[in-house]
Amino acid sequence: MIENLSKKRMVFGISCLILLTIVVLIIESKWMKAGSRRQEFVIENNSTCWQRETYEVIKDCHPCTAFEIASKSQGVCVHTHNKEVLKCIGGEIVTRSCDRVAWLDERHFWSFQISLTIIGTLSAAISFLRQKTLNRRTMLKIQRELGA
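My aim in this report is to walk through the structure given alongside it, one point at a time. (Residues numbered from 1 in each chain as written. Predicted model: local features only at pLDDT ≥ 70, side-chain atom pairs only at ≥ 80, totals over all residues. Heavy atoms only, no water.)

**Thoughts on the pattern of salt bridges**
Overall, the coordinates contain two salt bridges when judged by the stated rule. Between Glu68 and Lys83 there is a salt bridge, and its shortest N-O distance comes to 2.8 Å. Placement of the pair is Glu68 in helix α3 (residues 66-71) and Lys83 in strand β2 (residues 82-88), with a sequence separation of 15 residues. A relative accessible area of 13% places Glu68 in the buried class. For Arg96, the salt bridge is made with Glu84, and the minimal N-O distance between the two is 2.6 Å. Here Glu84 lies in strand β2 and Arg96 lies in strand β3 (residues 93-97), a separation of 12 residues in the sequence. Per residue, the accessibility class of Arg96 equals that of Glu84, and both read buried. (Salt bridge = Lys/Arg side-chain N within 4 Å of Asp/Glu carboxyl O. Helix = DSSP H or I, 4+ residues; strand = E, 2+ residues; numbered from the N terminus. Buried < 20%, exposed > 50% of the residue type's maximum accessible area, 1.4 Å probe, protein only.)

Spelled out as structure tokens, the structure:
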């Protein structure tokens, strides 16, 4: 495997990986600039009292149901598939679209961390077993040479 590569091939491979990383970063940064959107949220019933007045968040940002998204019964669910309920000082209750659901992002983060931990542990175990096998082969080779 990797132990069979020459020094030149290793340097070439690492150089290619560094170059590829730089290219990906450049492409990704250009896409982010072109695809950045403003945070203008759609408001149900065209009410914008939350922009003029102070408001209180009654229900934090949460995902819309599949029915609300499919039927488009609430206009705020069409774009981001998330909504939050606000109450303005005037007493008006408004639903607005929101970008992120905090508990959902946290769940995705922890599942990603757990999967990386599992992959890392498996990689370490495989590396350990591979090293053990190579050491045993080397010892057998040395024993055969000494016995002959």
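**Some remarks on a nonpolar patch on the surface**
Together, Phe109, Trp110, Ile114, Ile118 and Leu122 line one region of the surface with nonpolar side chains, adding up to about 540 Å² of accessible area. Relative to the elements of secondary structure, Ile114 occurs in helix α5 (residues 102-147). (Patch = residues over 30% accessible without salt bridge, like charges linked within 9 Å, V, L, I, M, F, W, Y side chains within 5 Å. Areas by Shrake-Rupley, 256 points an atom, 1.4 Å probe, with all protein chains shown as cover.)

**Some points on the pairing of β3**
By the criterion of burial, β3 is predominantly enclosed, with four of the five residues buried. Pairing between β2 and β3: five bridges, direction antiparallel. Note on β3: the bridge partner recorded for Leu86 is Val94. The hairpin formed by β2 and β3 contains four residues between the paired strands, and Gly91 there has a positive phi angle of roughly 100 degrees. (Pairing = 2+ DSSP bridges.)

**A look at the sheet that holds β3**
Read across the open sheet, the three strands follow the order β1-β2-β3; overall the sheet is antiparallel. The outermost strands of the open sheet, each flanked by one partner alone, are β1 (55-63) and β3. Adjacent strand axes in the sheet meet at a mean angle of 20 degrees, parallel and antiparallel pairs treated alike. Direction of pairing for β1 relative to β2: antiparallel, over a ladder of six bridges. By the bridge assignment for β2, Tyr55 is matched with Cys88. (Axes fitted to C-alpha atoms, helices over the stretch in contact; angles between N-to-C directions.)

Remember, this is a structural readout, not a statement about activity or role.
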